[in-house]
Amino acid sequence: MDKQQTAFDMPASTDVAWCPGCGNHKVIEAVGGALEALRIEPEHLVMVSGIGQAAKAPQYLKVNMFNGLHGRALPAALGIRLANKELTVVVESGDGDLYGEGGNHFLHAIRRNFNVTIIAHDNMIYGLTKGQASPTSRRCMKTPVQVGGVLLEPFNPLAVALALDAPFVARAFAGNVEQTRSIIMEAIRFKGCALVDVFQPCVVFNKLNTYQWFRENTCELPEDHDPSDRQMAMAQAFRSDPLPLGIFYRNDKRKIYEDLAGTGEPLFRQTPTSDEAFRAMLEAFR
Ligand SMILES: Cc1ncc(C[n+]2csc(CCOP(=O)(O)OP(=O)(O)O)c2C)c(N)n1
Ligand code: SF4
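Parameters and conventions
Residues numbered from 1 in each chain as written. Chains lettered and ligands numbered in written order. Predicted model: local features only at pLDDT ≥ 70, side-chain atom pairs only at ≥ 80, totals over all residues. Heavy atoms only, no water. Axes fitted to C-alpha atoms, helices over the stretch in contact; angles between N-to-C directions. Helix = DSSP H or I, 4+ residues; strand = E, 2+ residues; numbered from the N terminus. Contact = heavy atoms within 4.5 Å. Nonpolar A, V, L, I, M, F, W, Y, C, P; charged D, E, K, R; others polar. Near = heavy atom within 4 Å. Phe/Tyr/Trp six-rings, centres within 6.5 Å; stacked < 30°, edge-to-face > 60°. Buried < 20%, exposed > 50% of the residue type's maximum accessible area, 1.4 Å probe, protein only. Salt bridge = Lys/Arg side-chain N within 4 Å of Asp/Glu carboxyl O.

Peer 1: What exactly am I supposed to notice about the packing of helix α2 (residues 73–83) against helix α4 (residues 103–112) here?
Peer 2: Helix-helix packing is described using two parameters, namely the angle between the two axes and the distance between the axes. α4 packs onto α2 with a crossing angle of 35° between their chain directions and a minimal axis gap of 8 Å. Residues L74, P75 and L78 of α2 form the contact with α4, whose participating residues are H105, F106 and A109. Class assignment for the residues of the contact of α2 with α4 results in 5 nonpolar, 1 polar and no charged.

This is how it looks when you write it as structure tokens:
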């Protein structure tokens, strides 16, 4: 099916550094479609990322963006949310950036339950730095560094998120843009920290986890899956052969950090800034 144009698409002439066929193209197609369908006003949206191929995603969408240090997308996103509760904040970054370099922030963003959507482009490899193992690489996969094969079992982001009582936990496959779009829509609509781990093939450096591999090794969650049941979600998160896709868990009752911290006073103060005051502030930091 032809790609649907959205208000969030960059002009066709935009120079995109991703390889043809990379799953990242599909992820941003799904994200753009979700934002459009949700009628999000671009001025009320900020996308945040760290470093890596996936972390370039916000640069290829017509959105406000903040590109932080490697692994530091989440603290930047939480700061943005604290500064302005009116903003929709979406983090898009790679499995290495979010679960490896940014692992500690991943844990604490979930524990705090900030109202942020986390979209992990999970290609099970370090793409930008040419194919070393990432935390989600499969055991025994050979890479230029792990020449004898990866020794460790992969990090399980869904099980870790569920253990921390993440209130929204889902997984999608970039090869199915429609399903990815609808899961991302649910995640952005959700009030609280929402994790969507999206399988995203790296067609250059990951010769194991190809589109074909994901098609053969994933399945839908069972029809009788109850997303309000955390134990059931945990059992599905531990399934690996095949790996289930869909919304594993949602808990609409968990309070977000900003509400917990509420003393009646907002966590931020929006003071109107004149052009002159803004320029003076910039000068002070030169
Ligand atoms: C502190 C720090 N460590 C390491 C690097 C090198 N580095 C840049 S991107 C990257 C891996 C990114 O992998 P991932 O987040 O999975 O994204 P992908 O490129 O696969 O989309 C690494 C190790 C860096 N830039 N900064
Ligand atoms: S190297 Fe892999 S992750 Fe990077 S753009 Fe190419 S296909 Fe995508």
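Peer 1: Where do I start with the site of ligand 2 in this structure?
Peer 2: For ligand 2, the full set of nearby residues is W18, C19, C22, Q53, N123, C202, V203, V204 and F205. In terms of residue class, the shell around ligand 2 is made up of 7 nonpolar, 2 polar and no charged.

Peer 1: I keep staring at the packing of aromatic side chains and nothing clicks. Help me out?
Peer 2: What characterises a pair of aromatic rings is the spacing of the ring centres plus the angle enclosed by the ring planes. A full pass over the atoms with the stated rule returns 10 aromatic pairs. Judged by centre distance (5.1 Å) and plane angle (75°), the ring pair of Y99 and F106 falls under edge-to-face. Relative to F214, the ring of F199 has its centre 4.9 Å away and its plane inclined at 20°; by these criteria the two rings are stacked. Of this pair, F199 sits in strand β6 (residues 194–199) while F214 sits in helix α7 (residues 211–217); the two residues are 15 residues apart in sequence, bridging distant segments of the chain. Residue F199 is classed as buried on the basis of its relative accessible area, which comes to 2%.

Peer 1: Quick question: what am I supposed to make of the pattern of salt bridges here?
Peer 2: According to the stated counting rule, one finds 9 salt bridges in the structure shown. Note that R139 is salt-bridged to E153, the shortest N-O span being 3.2 Å. Of this pair, R139 sits in the loop between β4 (117–122) and α5 (157–163) while E153 sits in the loop between β4 and α5, placing them 14 residues apart in sequence. On the basis of relative accessible area, E153 is assigned to the exposed category, the value being 58%.

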